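Take a look at the letters that make up each chain.
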Amino acid sequence: MAELFSNLALGFGVAFTPINLLLCLIGALVGTLVGVLPGIGTIATVAMLLPITFGLPPVGALIMLAGIYYGAQYGGSTTSILVNIPGEATSVVTTLDGFQMAKQGRAGPALAIAAIGSFFAGCVATVLIAVLGAPLTKLALAFGPAEYFSLMVLGLIFAVVLAKGSVLKAIAMIVFGLLLSMVGSDIETGASRMAFNIPELADGLGFATVAMGVFGFAEIIRNLDAGAEMDRDLVQQKITGLMPTKKDLKDSFPAILRGTALGSILGILPGGGAVIASFAAYTLEKKIAKDPSRFGRGAIEGVAAPESANNAAAQTSFIPLLTLGIPPNAVMALMVGAMTIHGIVPGPQVMQKQPELVWGMIASMWIGNLMLIIINLPLVGIWVRLLRVPYRLMFPSIVIFCAIGIYSINNAPVDVVLAGAFGLLGYWLIKHDFEPAPLLLGMVLGPLMEENLRRALLISRGDWTVFLTRPLSAVLMATAAFLLVLALLPSLRKKRDEVFVESET
Amino acid sequence: MSETPSRGPVKYIMPKWIRGPQDFVGGLALIAIALFALWASSDLQGMHGFSFGAGTAPRMFAVLLLGLGIAVMVVGLVADGEHITTYAWRGPLFVSLAILSFALTIRPLGLVISAFASFIISALGTPEMKWKETIIVGICLTIGCSLLFPYALGLPLQLFPRFLIQ
């Protein structure tokens, strides 16, 4: 316990320096700014803003990135509430009741509750990371290559189960991602694989490049498809009265608590926890509500619960990254990319060798959440005005920003072309109902999986049963198999689809 | 691959016995990707003893993808599914052109020209484009980017054409 407090104290000591506070503020602001733009989700935002952290010291860069991440998430909920366009998957359910509240002229309380819920969830999750970090790091040391491999299989299966639509197609996307991650030099032999002697491919496909293509460019092209002037049911009423009433607070408090608990648990699991957390929280609220018919008509719990849940999950998803070195989702994978650029290899060693970095980042998460409350409520007016910029002018600007962003990562024009190609690929995937998120996750976990698979088999002298004979690994594999069977069972599939259908209406 | 400009509904091209064209074509494409990966990694070393060669994992995943592609295709054959939605050509074409032009001109011509040209090209991606406002916004954006990236963020971007500086 004492260790926990000394760790947190160390963290706050690092985070509370003026320069880091400033970086956190800028990150949160810029993150919100980009996150508010429709059609740019969290992944694209982080990928796009990655280059601006290159010149900073490692701690500062990570603090700023964390700020960008929360800002982008918060920006996503703002658009959900104000214009019924979810900035990203995690705030899809927020549109259901949030936009209804806005239509009734209660956009202010909806935004405030979203911010307060997120902040509360952020506080709890920060403590949770601090508490769980050290013991999980010890657990990580007991992990051999076989366990790591099994854990990643479990994570990928989770992603499949949580993805909407066909299980088969989701698995296919993961394998495609794994295959893409093989491009470049082989880690062990150094042989060039599927690089066709293109020097820029020797290091493999850049993760940010693919993310920007599949999520950024593809989304823009898709939006153009629908006609540039997207249906923007903008709330024209003036936003009056930001603060929620006493009744609002009383109604939403239990919902925030439940959302936080659910989100924290789901976030730790690898494979896109934040999305399912918000869906699960909304479904739970609707189930236990005395009068379920209020949902979809501006029930404040319907905003409070999912927003708390997605924020809690977004934050606890740092746990597997910091302790095991496994990025549980695409945003975390970008964080790994950023860390690698600064020469940090995430995993149990970082906790021990660079405690000021880890704890500084954890503390800054809390500060970042606090800042979001303070800066965003007064700035809502500006975000609304930003949303009035017509898409015909917005999308070329986004294209240019993305292009400059990708170019500046390596100063390589080829990267820009590749991102464009992946944009077209992403457009094709959307057209054929393939989800790009599992592809990205597969690409992220590919190198780690291959390395651990090779090592595990080398240690076991080519014996494939090693994954089932080591107890920890066997448990992980069994869980993965169980989940996969569940996902394939038709009765459950139906229910799962219902959860998602709800969000699309 | 997605640039094929096709305006009419694609479903007429598909024979009737394919019940889910969207999945059928999707599966075919996965098969093609898998075969391509198998071909591309065919020159790599395979297993030797217990240890993986450079080509083992790529081939393993390629075979897996091949199987999944066939499965998706079969699903498209036997189960009723979505038709292929039409592809737009204008958006993908101009956005790709803009990206390409940025990549080609950023080194020799510098950020100012490259960013402005790409802005105009990508703006053509929608029929609602208006020349006057696009040019004004393009100029503002170019100025903003020229200040933001090289100065505020300190990224090593060249602003003006190389031949002008020398």
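Residues numbered from 1 in each chain as written. Chains lettered and ligands numbered in written order. Predicted model: local features only at pLDDT ≥ 70, side-chain atom pairs only at ≥ 80, totals over all residues.

Here we take up the overall build of chain B. Check the secondary structure of chain B and you find 5 helices and 0 strands. Along the chain direction, N to C, the helices and strands of chain B fall in the order α-α-α-α-α. Looking at the 166 residues of chain B, the share that counts as buried comes to 36%. Sequence separation of at least 24 residues holds for 69% of the intrachain contacts in chain B that already meet a minimum separation of 6. (Helix = DSSP H or I, 4+ residues; strand = E, 2+ residues; numbered from the N terminus. Buried ≥ 20, exposed ≤ 12 C-beta atoms within 10 Å, placed from the backbone. Contact = placed C-beta atoms within 7 Å.)

With that settled, consider the overall build of chain A. Helix and strand counts for chain A stand at 22 helices and 2 strands. Going through the 505 residues of chain A one by one, you find that 62% of them count as buried. If you take every contact in chain A between residues at least 6 apart in sequence, the share linking residues at least 24 apart comes to 80%.

Residues and elements named next belong to chain B. Averaged over every residue, the pLDDT of chain B is 81; the share at 70 or more is 87%. Segment residues 1–11: pLDDT under 50, and 23 contacts once partners within four positions in sequence are set aside and those in other chains are kept. Taken over the whole predicted complex, pTM reads 0.79, whereas the ipTM for its chain interfaces reads 0.86. (pLDDT = per-residue confidence, 0-100.)

The next point concerns the confidence of the model for chain A. Residue and element names in this part refer to chain A. Scored by pLDDT, chain A has a mean of 79; 89% of the residues are at 70 or more. Here helix H22 (residues 490–504) stands out as the least confident element of chain A, with mean pLDDT 50; helix H18 (residues 413–431) is the most confident, with 90. Below pLDDT 50 for its whole length, residues 228–233 participates in 13 contacts with residues either more than four positions away or in separate chains. Here residues 500–505 is a poorly scored stretch, pLDDT under 50, and it has 4 contacts once near neighbours within four places are set aside; other chains count.

This part takes up helix H1 (residues 21–40) of chain B. The end-to-end C-alpha distance of H1 of chain B is 28 Å, a good match for the 28 Å that 20 residues give at a rise of 1.5 Å each. Within H1 of chain B, burial applies to Pro21, Gln22, Asp23, Phe24, Val25, Gly26, Gly27, Leu30, Ile33, Ala34 and Ala37 of chain B. Packed against the buried residues of H1 of chain B are helix H8 (167–181) of chain A together with helix H2 (56–78) of chain B. (Expected span 1.5 Å × (residues − 1).)

In this section: the interface of chain B and chain A. Listed as interface residues are 63 residues of chain B and, on the opposing side, 52 residues of chain A. Per element, the largest residue contribution to the side of chain B that touches chain A is 17 residues, and it comes from helix H3 (residues 90–123) of chain B. For the side of chain B that touches chain A, the per-class residue count stands at 43 nonpolar, 15 polar and 5 charged. (Nonpolar A, V, L, I, M, F, W, Y, C, P; charged D, E, K, R; others polar.)

With that settled, consider unusual backbone geometry. In the Ramachandran plot, aspartate 433 of chain A falls in the positive-phi region, its phi being about 65° despite a non-glycine side chain. Within the fold, aspartate 433 of chain A resides in the loop between H18 and helix H19 (436–459).

Before going further, it helps to examine the environment of leucine 151 of chain A. Residues and elements named next belong to chain A. By secondary structure assignment, the location of leucine 151 is in helix H7 (residues 145–162). As for leucine 151 and leucine 141, which are separated by 10 residues in sequence, their C-alpha atoms are 14 Å apart. Each residue touching leucine 151, except ones within four places of it in the same chain, is listed here: Ile326 and Leu476.

Core analysis: the biggest nonpolar cluster contains 220 residues, and Val46, Ala211, Met212 and Leu334 of chain A together with Leu65 of chain B have the highest contact counts within it. If one sorts the elements of this core by residue count, helix H6 (residues 107–141) of chain A sits on top with 16 residues. Structurally, this core is a two-domain feature, drawing no fewer than three residues from each of domain 1 (10–78) and domain 2 (90–165) of chain B. Not counting residues up to four positions away in its chain, the partners in contact with leucine 65 of chain B are Ala172, Val175, Phe176 and Leu179 of chain A together with Leu30, Ile33 and Ala34 of chain B. (Core = buried A, V, L, I, M, F, W, Y, C linked by C-beta atoms within 7 Å. Domains from an automatic or database assignment.)

Another aspect to go through is the environment of proline 378 of chain A. Residues and elements named next belong to chain A. Looking at where proline 378 falls in the secondary structure, it is placed in helix H16 (residues 355–387). Its 9 C-beta neighbours within 10 Å are what place proline 378 among the exposed residues. Remark: the alpha-carbon pair of proline 378 and leucine 483, spanning 105 residues in sequence, is separated by 45 Å.

A few words now on the packing of helix H3 (residues 42–49) of chain A against helix H9 (residues 207–225) of chain A. Axes are the key here: two packed helices are described by the angle between their axes and the distance separating the axes. All names here are of chain A. Contact geometry of H3 with H9 gives a least axis separation of 9 Å together with a crossing angle of 135°. Regarding the angle of H3 to H9, the classification is oblique. At the point where H3 passes H9, the crossing takes the left-handed sense. Residue-level contacts link Ile43, Ala44, Ala47 and Met48 of H3 to Ala208, Ala211, Met212, Phe215 and Gly216 of H9. By residue class, the composition of the contact of H3 with H9 is 8 nonpolar, 1 polar and no charged. (Axes fitted to C-alpha atoms, helices over the stretch in contact; angles between N-to-C directions. Parallel < 35°, antiparallel > 145°, perpendicular 65-115°, else oblique. Left-handed = near helix turned anticlockwise from the far one by under 90°.)

Residues and elements named next belong to chain B. Viewed as axis vectors pointing N to C, H1 and H2 meet at an angle of 160°, and their least axial separation amounts to 7 Å. With respect to H2, the axis of H1 lies roughly antiparallel. Seen along the crossing, H1 lies across H2 with a hand that is left-handed. Classifying every residue of the contact of H1 with H2 by side-chain character gives 20 nonpolar, 5 polar and 2 charged.

Our focus in this paragraph is the environment of alanine 47 of chain A. All names here are of chain A. Mapping alanine 47 onto the fold places it in helix H3. Given 31 C-beta atoms within a 10 Å radius, alanine 47 is considered buried. Sequence separation of alanine 47 and isoleucine 406 is 359 residues, and the distance between their C-alpha atoms is 8.3 Å.

This part covers H19 of chain A. Residues and elements named next belong to chain A. Relative to the 34 Å expected for 24 residues at 1.5 Å per residue, H19 spans 34 Å between its end C-alpha atoms, a close match to the ideal helical length. By the largest-angle criterion, leucine 445 marks the main kink of H19, which is about 45°, and a proline, proline 447, follows within four residues. In terms of residue burial, H19 counts as a mostly covered element, since 18 of its 24 residues are buried. After H19 finishes, the residue arginine 461 shows a positive phi value of roughly 55°. (Bend = angle between axes of the 7 residues up to and from the residue.)

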